[in-house]
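# Geometric and topological summary
Residue strings, one per chain:
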Amino acid sequence: MSKYACAAAFLLGILLPGSAASAQTGGERKAVHVRGSAVFMPIAQHIAETYMNERPDRVVALSGGGSMRGYKSIIDGTADIALVSHAVLPELKKEIARRGLTLVSATAGYTAIVPVVHPSNPLASLSMKQLKYIFSGRIANWKDIGGKTAPVNVYVELAKDGIAETWNDAVLGDGGTLTPKAAVISAERRIQLVAADPAAISYLPLSEINASVKALRIDGIAVTPETVLDGRHPVRSPLMLVRTDKASAATEEFIRYFIAPRKDFHFAGFFYAAPSAKPDK
Amino acid sequence: MNRRNLLLALAASVFATNSTAFDWAFAARKERRSLLIAGSGTMLALNKVLAAAFSKSHPLIDMVVEKGGSLAGLIALKRGAIDVGAMSRDLTIAEDEFNIRGFLVAKNEVSIVVNRKLPITSLFHEQIRSLFNGKITNWKQAGGPAAPVRVVSLKQGSTSRQFIEDVVLGGHDIIASATEAGSAKELSEIVAADPFAIGYISLKDHESAANVLSIAVDGVRASRATIISERYPYTQPLFLLLLGDKPGPAADFVAFARSPAGQKIVEQQGLVSVC
């Protein structure tokens, strides 16, 4: 019966043309809807509020849902800008082609993704190789890398989150697989678990790290704006603003505003790429 | 749970009638058809006013607006039992599907208000939760003076109360001993008269609440910008959901909600316009 209902609704849709085109546009829209990565929501909120305070006639409405939701939303026309940390996934490419869209992306900056352990953990730095062995399960005891004798408890991000992909690509590499013993837990809960578990290891975006856990250096390289922007810190996540080629003028204007170089700009855990991408002449 | 089943049963029965009565001539003559909108109770009043305005320019469409909850609306929409879902929160990753399109139409907000004499201008979410569920009974426990807390609440059925119970209290009730106020104006009068009272209002009521202080939550004050950016924690996005991208009355209704006329209704309902 529900199949009939669907078919009926579908046919009605075709037979009753109505004013269908108006669903997409109704003149030039001034409002800009942004959806995507939760990790970059704080910086985007900050920029959007500054923008709206400077230009009270503008509306930049934000909502989260992750990078995938961001891409999905600009493809299906429910948002104008996707706030994402990774390239579009192959499963969405067909849909983009079907709709005859081209995606245009701009990188605003980066956050570092940092290994974190319990504050009592004696280690200060791990090599990329050690991290790979830990997260793939080849090293399963802290004593094998200079720690105490205790099994390593690995906590990781939800697979659909951009942060997890960035970490896995950088640390495990092509074809590397995560240890089946890894517990998949949200960032909010993960930091609490690591803070409470002396044998824990996990990773977090820089913006979400606080004093309850110990951040480790990778290959001895500390996280600074310089090491993150020039890529010496080997795990970083870009903040990209993605729109379609059919975006409104208001959308393009806000993206230009967002990525424009800012002098003396400080925002916890976020490093603006613009000054180095476009050096002063 | 009962309500959800009721909604689904209702939606299914309406469609059963529709599809058995369906014939080609019916469609070709552009006869009456119904457009079913269901979901979030918070959005019921908004959807009713939007539907009434929409039907003026679409006289052949019978608008049916129901509540039943965000999730029930989503399920009914996925089954094709309704035409437009109303959701007062973001979809979870598990709920999201490629053919579900969520259009942001408004933002809703609740402000926490205290007496201006109370030396508190900001509270953390956890403290506010404990104040409204009765875990904190003395202001001393929240960094204030040693005096018992008086919780003032709007009556059952108020969307702001629904918001407090859903979002702030995680689905639990406001403490039973709370003083009940019939309107935001009455609530702010009670809070203004009692230095140890705490209550809540929504943005639309701020004009009638100049006598009370709207405090910051987790360090963020409610303003148009912090609500639209969703940085203010007690902000709720309101979405209208469509199944697929077929043109038709459902898509037209959503486009109307996002049009200047629809957004004017959003503002009249005391919500924040976003389009």
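Okay, so let's go over this structure. Owing to the predicted nature of the structure, the values given are computational and were not obtained by experimental measurement. (Residues numbered from 1 in each chain as written. Chains lettered and ligands numbered in written order. Predicted model: local features only at pLDDT ≥ 70, side-chain atom pairs only at ≥ 80, totals over all residues.)

## A closer look at helix 5 (residues 128–136) of chain A
Residues of helix 5 of chain A that are buried: Gln-130, Leu-131, Ile-134 and Phe-135 of chain A. Down the axis of helix 5 of chain A, the sector holding all buried residues measures 125°, keeping them to one side. (Buried ≥ 20, exposed ≤ 12 C-beta atoms within 10 Å, placed from the backbone. Helix = DSSP H or I, 4+ residues; strand = E, 2+ residues; numbered from the N terminus. Arc of directions from axis to C-beta.)

## Observations concerning the pairing of strand 6 (residues 153–156) of chain A
On any regular strand, side chains alternate: one points to one face of the sheet, the next to the other face. All names here are of chain A. Alignment of strand 6 against strand 8 (residues 200–205), held across 2 bridges, turns out to be parallel. Along strand 8, the bridge assignment pairs Asn-153 with Ala-200. Bridge analysis of strand 6 against strand 7 (residues 183–184) gives 2 bridges, and the strand direction is parallel. Looking across to strand 7, one finds that Tyr-155 is bridged to Ala-183. (Pairing = 2+ DSSP bridges.)

## Quick notes on the environment of Val-105 of chain B
Residue and element names in this part refer to chain B. Checked against the element boundaries, Val-105 lands in strand 4 (residues 100–109). Given 26 C-beta atoms within 10 Å, Val-105 falls into the buried group. Once residues within four sequence positions are removed from consideration, Val-105 is found in contact with Leu-238, Phe-239, Leu-240, Ala-257, Arg-258, Val-266, Val-274 and Cys-275. (Contact = placed C-beta atoms within 7 Å.)

## Things to note about unusual backbone geometry
Residues other than glycine predominantly adopt negative phi, and peptide bonds predominantly adopt the trans conformation. The phi dihedral of Asp-219 of chain A falls on the positive side, at around 50°, and the residue is not glycine. Inspection of the secondary structure puts Asp-219 of chain A in the loop between strand 10 (217–218) and helix 8 (225–229). The phi dihedral of Glu-230 of chain B is positive, around 65°, even though this residue is not glycine. In this structure, Glu-230 of chain B sits in the loop between helix 8 (224–228) and strand 12 (235–243). Using a count of 21 C-beta atoms within 10 Å as the deciding quantity, one classes Glu-230 of chain B as buried.

## Details of the environment of Thr-121 of chain B
Mapped onto the secondary structure, Thr-121 of chain B falls in the loop between strand 5 (111–115) and strand 6 (122–123). Ignoring sequence-local partners within four residues, the contact set of Thr-121 of chain B consists of Leu-213, Ile-215 and Ala-216 of chain B.

## Quick word on the environment of Glu-66 of chain B
Residues and elements named next belong to chain B. Inspection of the secondary structure assignment puts Glu-66 in strand 2 (residues 61–66). On the basis of neighbour count, Glu-66 is assigned to the buried category, with 23 C-beta atoms found within 10 Å. For the pair formed by Glu-66 and Lys-107, sequence separation is 41 residues and the distance between their alpha carbons is 20 Å.

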